[in-house]
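Descriptive analysis of the structure
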Amino acid sequence: MQLDFKAPGPVANAFLNHWTPPGGVSAIMGPVGSAKTSTCLWKGVYAACRQQPSPVDGVRYFKLGVIRDTYRQLRKTTIASWHRWVPKTLGFWSGEEPATHRIRVRVPGIGMIDYVVEFMAMGENSVEDVLRGWEGSALFLNEKDLLAAEVLTYGLGRLGRYPGGQHGQASWYGIWADFNAPDFENHCYETFVENLPESWAFYRQPSGLSDKAENLHNLPAGYYENQMKGQPEWYIRRFIRNEFGYSREGLPVYPEFNDAFHVSAQPLQPNLRRKLIVGADAGGTPAATFRQREANGQWRLVNELVSLPDEITGPRRFGEMMNQLVKEQFPTFNPEQEIEGWCDPSAAWGADEKAGEASWMRILSQETGIRFRPAPGNNDPTLRQSAVRESFRGTIDGHLPKILICPQRCKLIRKAYNGGFRFRKKANGERDYKPEKNHYSHVAEADQYAALGGGELVEVMGRQRPSGGGSIQVVSDYDALTGAF
């Protein structure tokens, strides 16, 4: 048997040849047609070749379990892909459920391998029912986003048991998976994007529309352009552009946001030489974002602060939370001199100053020592949205994003920009142009105030006026520490 598979591109090749520590998990995400499944199937052959030879007969024994959501899809796609590479006539093939293919072949430079592939489907069964009693070397989770999240938990517990001690046991065991870009509420997003364990690996192929798209040489000319015809935006976003999706109940406020471009590949560290801009959204579930602007004009969204969605948090408690975050993440910053605060303008009102009451903004300022001011722009929603949208349009020097978001400390705002902050559809199917109030809207609106106060209002002033008419308030002289203008 010749190992003549050629990976469809650099990302797939890196995934194919990367091996986690024993018991680890790796995943690859890509658009339709990017040869993810073929790459994952060949990774099994490579894994068999890496298994240490048996001390009994020198054969490399390896067993792979391939799991899909239904047997119909398993036969239609996964098994069909397997047989394009390995015909039924090679070794022993049984189409009974679970389907099994056992091949015993000699690989040049490797020696004899005894490779067993078992194709299993979840169907209506629980993960425990499917994997109970199964013993193998590795698992390939095909279309992982369609499988239960628990398959990783149960799967890892069934590995490393093949071959047995007689043949030296497994020298490596683990799980790999493939999937199209899921929506940001799918367990794959949580596992492989938000909380990827240190020893696991996640590979993301380029968009099908990118000049770096993979497997184009095996696809018909204009494949992705033809795939787009007649398809809704959510399908194009996930299955062609390979971007995380959003709920079909609404449309994202910022469709210009590109997760692969606007989110840093590595955690962002604060720049101690640049001012910290804080935007805060008031209310019972307040939120805040922390921005810095680099010398080249690029925004760095380095942190966020959010209250629990089902817990009322007052300004004094929120101020305590902010103090703790600033102490931990920005310990050298002087709140009065190096931190600039901008807030929901309505938070400056609603208190009876003559009776000794303080506004939400004043309490937050006094608690933190940060001089929060009402964000400019008359609280016009169109201007607020445009101030953030400016960061998602165009580039700096032709290749740098205008904004870069920290993947480690800005998880909720990342979800918000991936579609959590959205326009809900009306009952008649039309778009409601007022963003939905939800868990993501608070942090998204907080970032609007940071963008406005940080200077983005100047970028949009020349192109539009407030929807209510009148002039634009650029800077407020309100002093939240004293409560005076």
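Our subject is the structure listed above.
Everything in this summary refers to the structure shown in the same document.

How each quantity is defined
- Residues numbered from 1 in each chain as written.
- Predicted model: local features only at pLDDT ≥ 70, side-chain atom pairs only at ≥ 80, totals over all residues.
- Heavy atoms only, no water.
- Helix = DSSP H or I, 4+ residues; strand = E, 2+ residues; numbered from the N terminus.
- Buried < 20%, exposed > 50% of the residue type's maximum accessible area, 1.4 Å probe, protein only.
- Axes fitted to C-alpha atoms, helices over the stretch in contact; angles between N-to-C directions.
- Parallel < 35°, antiparallel > 145°, perpendicular 65-115°, else oblique.
- Left-handed = near helix turned anticlockwise from the far one by under 90°.
- Contact = heavy atoms within 4.5 Å.
- Pairing = 2+ DSSP bridges.
- Right-handed = clockwise from strand over helix to strand, strands pointing away.
- Core = buried A, V, L, I, M, F, W, Y, C linked by side-chain atoms within 4.5 Å.
- Salt bridge = Lys/Arg side-chain N within 4 Å of Asp/Glu carboxyl O.

Focus: the side chain of Ser365
Following the sequence through the fold, Ser365 ends up in helix α12 (residues 360-368). Since its relative accessible area comes to 0%, Ser365 is described here as buried.

Concerning the packing of helix α2 (residues 36-50) against helix α3 (residues 71-85)
Between α2 and α3, whose axes approach to 10 Å, the crossing angle comes to 60°. Here α2 lies oblique to α3, going by the angle between them. Between α2 and α3 lies a crossing whose hand is right-handed. Side by side, α2 and α3 meet where Thr37, Ser38, Leu41, Trp42 and Val45 of the first sit next to Thr78, Ser81, Trp82 and Trp85 of the second.

A look at unusual backbone geometry
Geometrically, the link from Glu97 to Pro98 is a cis peptide bond, its omega value of -5° lying close to zero. Between Tyr162 and Pro163 the backbone carries a cis peptide bond, its omega angle lying at -5°. Tracing the sequence through the fold places Pro163 in the loop between α5 (150-156) and β7 (174-179). A positive phi is found at Asn242, a non-glycine position, where the angle reads about 60°. Although it is not a glycine, Asn379 adopts a positive phi angle of roughly 60°. As for its placement among the helices and strands, Asn379 is situated in the loop between β14 (372-374) and α13 (381-392).

Focus: the sheet that holds strand β10 (residues 276-281)
One open sheet accounts for six strands, arranged β14-β13-β10-β11-β12-β17; its pairing is mixed. This sheet does not close on itself; its edge strands, each paired only once, are β14 and β17 (403-405). Here the strands of the sheet are splayed against their neighbours by 30° on average, with no regard to which way each runs. Bridge count between β10 and strand β11 (residues 287-293): six bridges; the pairing is antiparallel. If you follow Ala280 over to β11, its bridge partner there is Ala288. The strands touched by helix α10 (residues 315-329) are β10, β11, β12 (299-306), β13 (339-343) and β14; relative to β12, the strand with the most contacts, the crossing angle is about 135°.

Some thoughts on the pairing of β7
Two faces belong to every sheet, and in a regular strand the side chains alternate between them. Of all six residues making up β7, six are buried, and the element is well covered by its neighbours. Judged by which residues are buried, β7 turns out to be covered on both faces: Gly174, Trp176 and Asp178 on one side and Ile175, Ala177 and Phe179 on the other are all buried. Looking at chain direction, strand β1 (residues 24-29) and β7 are connected through six bridges and run parallel. Paired with Gly24 across the strands is Gly174, a residue of β7. Sheet analysis places strand β6 (residues 138-141) next to β7, joined by four bridges and oriented parallel. Directly across from Ala138, in β7, lies its bridge partner Gly174. Once you follow β6 into α5 and on to β7, the crossover reads as right-handed.

Here's the deal with the nonpolar core
One finds Ile67, Leu141, Phe290, Met322, Phe372, Ile405 and Ile413 to be the most contacted residues of the largest nonpolar core, which totals 86 residues. Residue contributions to this core peak at seven residues, all from helix α15 (residues 441-461). What Ile413 contacts, discounting residues up to four positions off in sequence, is Thr289, Leu301, Glu304, Ile405, Val443, Ala444 and Asp447. Counting 38 residues, the second largest nonpolar core, distinct from the first, contains Cys40, Phe62, Leu64 and Ala138.

A look at the pattern of salt bridges
Within this structure, the stated rule accounts for 25 salt bridges. Across the pair Glu135 and Arg161 runs a salt bridge, and its minimum N-O distance is 3.9 Å. With Glu135 in the loop between α4 (127-131) and β6 and Arg161 in the loop between α5 and β7, this pair connects stretches of sequence that are 26 residues apart. When its relative accessible area of 36% is taken as the criterion, Glu135 is described as partly exposed. By relative accessible area, Arg161 is classed as partly exposed at 36%. For the salt bridge of Glu233 with Arg241, the shortest nitrogen-to-oxygen distance reads 2.8 Å. What makes Glu233 partly exposed here is its relative accessible area of 36%. What you see here is one network of salt bridges that share partners, running through Glu233, Arg237, Arg241 and Glu243.

Regarding the pairing of strand β5 (residues 111-121)
Taken across its 11 residues, β5 has 10 buried, putting it largely inside the fold. Looking at chain direction, strand β2 (residues 60-68) and β5 are connected through nine bridges and run parallel. Bridge pairing links Gly65 to Glu118 in β5. Of the pairings in the sheet, the one linking strand β4 (residues 99-107) to β5 comprises nine bridges and is antiparallel in character. When the sheet's bridge partners are listed, Ile103 is paired in β5 with Tyr115.

Quick look at the sheet that holds β7
Pairing within the open sheet is mixed, and its eight strands lie in the order β3-β4-β5-β2-β6-β7-β1-β8. Each edge of the open sheet is held by one strand with a lone partner, namely β3 (92-94) and β8 (201-204). Averaged over all adjacent pairs, the angle separating strand axes in this sheet is 15°, with direction ignored. Across the sheet, α3 is in contact with β2, β3, β4 and β5; its angle to β5 comes to roughly 160°.

Some details on the environment of Leu301
Of note, Leu301 is situated in strand β12. Owing to a relative accessible area of 0%, Leu301 belongs among the buried residues under this scheme. Considered as a pair, Leu301 and Leu400 are 99 residues apart in the sequence and their alpha carbons are 15 Å apart. When neighbours within four sequence positions are excluded, Leu301 is seen to be in contact with Leu268, Thr289, Phe290, Arg291, Ile403, Leu404, Ile405, Cys406, Cys410, Ile413 and Asp447.

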